[in-house]
Amino acid sequence: MEAHDGLSAAIAQRAGFKGLWASGLSIACSLGYRDANEASWSQLVDAVERIVDSSQLPVLVDGDGGFGNFNNARLLARKLCERGAAGIALEDSCFPKLNSFVGNRHPLADVDEFCGRLRAVKDRVANELVLVARIEALIAGHGMHEAIERAHAYREAGADAILIHSRSSSADEILSFADAWQNKLPVVIVPTKYYRTPTCEYRRADISTVIWANHSMRAAVAAMRRVCGRIFAEENVATIEPDIAPLEDIFELFSYDELADAEAQYLHPNKLQQ
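This text gives an overview of the structure that appears in the document. Since we're looking at a predicted model, the values are computed, not measured. (Residues numbered from 1 in each chain as written. Predicted model: local features only at pLDDT ≥ 70, side-chain atom pairs only at ≥ 80, totals over all residues. Heavy atoms only, no water.)

1. Details of empty space enclosed by the protein
Then, number 1: For the structure on display, the rule yields two cavities of 30 Å³ or more.
Then, number 2: Each pocket or cavity is described by its volume, and for the largest cavity that value is around 160 Å³.
Then, number 3: For the largest cavity, the lining is made up of 15 residues, of which Asp-62, Asn-99, Arg-134, His-165 and Ala-213 are closest to its centre.
Then, number 4: Classifying every residue of the lining of the largest cavity by side-chain character gives five nonpolar, six polar and four charged.
Then, number 5: Approximately 110 Å³ is the volume found for the second largest cavity.
Then, number 6: Forming the boundary of the second largest cavity are 14 residues, of which Gly-24, Ala-28, Ala-39, Asp-64 and Phe-67 lie nearest the centre.
Then, number 7: Per-element accounting of the lining of the second largest cavity gives the leading share, three residues, to helix 2 (residues 24-30). (1 Å grid on protein atoms, 1.4 Å probe; cavity = no way out; pocket = protein on both sides within 12 Å on 5 of 7 lines; lining within 4 Å. Points joined across faces, edges and corners; volume = space filled by probe spheres on them. Nonpolar A, V, L, I, M, F, W, Y, C, P; charged D, E, K, R; others polar. Helix = DSSP H or I, 4+ residues; strand = E, 2+ residues; numbered from the N terminus.)

Right, dumping it as structure tokens:
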């Protein structure tokens with residue numbers, strides 16, 4: 001499940017998810033930026049630290065294209081390791097990237113150059129960080145043959161898994177990729193556009209991981225828009241209170257009771273001994 005801050009990470013864990021996706025789009029939105037490498041790599045790393053600290057789940061980080069060449073990519077990977085991330089996904093786009101669903105200008109990186117980025121990351125973080133190679137060939141309109149060829153190259157370069165991305169409203173090309181790829185590495189998908197396909201179809205295709213990539217952020221936008229509009233129009237919150245989380249939920253989510261117990265133990269230890 002997507003997370004973009006500590007709150008969304010804690011909620012996703014409570015919902016039962018087994019891993020988190022530190023979404024580049026959602027983190028950029030939370031900072032007031034566009035998903036076009038406007039937020040810096042250091043801002044991404046800081047956001048990931050809050051996500052990691054707010055849950056006990058492994059965090060796969062959307063690293064865009066690595067924010068530059070091989071050197072930028074391996075620096076980003078090292079910093080994410082230090083902040084406790086479990087993995088990084090690097091896409092074969094050119095810097096600066098543009099969100100995959102915006103416009104038609106999505107130039108792909110040269111295969112050899114991108115393989116160098118992957119090798120540099122793998123050499124720097126070895127087995128400390130799962131490396132997912134994200135293929136944008138279908139997004140850029142290059143077709144299935146290009147996607148498969150790139151997957152083979154990225155596997156040779158050291159990727160641990162392949163993320164195949166699509167902007168189609170149907171899962172057909174994703175399922176075709178999985179069939180042709182034959183699970184040579186685990187396959188990761190992001191069904192933002194082809195959301196009508198039941199998850200059981202992905203299980204049947206032996207797809208490893210499904211990322212719900214931006215849904216907490218989009219849900220928050222919709223909810224905040226409704227509440228802000230109503231408060232402005234009604235100039236009152238009496239009718240709003242039943243529709244929003246009570247403060248007690250927030251306190252419970254972040255374990256305020258633990259703080260009270262800790263204060264009794266460490267701030268006033270003598271009272272415990274009386």
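Once the structure has been displayed, the description carries forward.
2. What about the packing of helix 6 (residues 143-156) against helix 7 (residues 172-181)?
How two helices sit against one another is set out by the angle between their axes and by the gap between those axes.
Then, number 1: One way to put it is that helix 6 packs onto helix 7 with a least axis distance of 11 Å and a crossing angle of 50 degrees. When the interaxial angle is binned, helix 6 and helix 7 end up oblique. Here helix 6 and helix 7 pass one another in a crossing that is right-handed. The segment helix 6 lies against helix 7, with Met-144, Ala-147, Ile-148, Ala-151, His-152 and Arg-155 engaging Glu-173, Ser-176, Phe-177, Ala-180 and Trp-181.
Then, number 2: For the contact of helix 6 with helix 7, the per-class residue count stands at seven nonpolar, two polar and two charged. (Axes fitted to C-alpha atoms, helices over the stretch in contact; angles between N-to-C directions. Parallel < 35°, antiparallel > 145°, perpendicular 65-115°, else oblique. Left-handed = near helix turned anticlockwise from the far one by under 90°. Contact = heavy atoms within 4.5 Å.)

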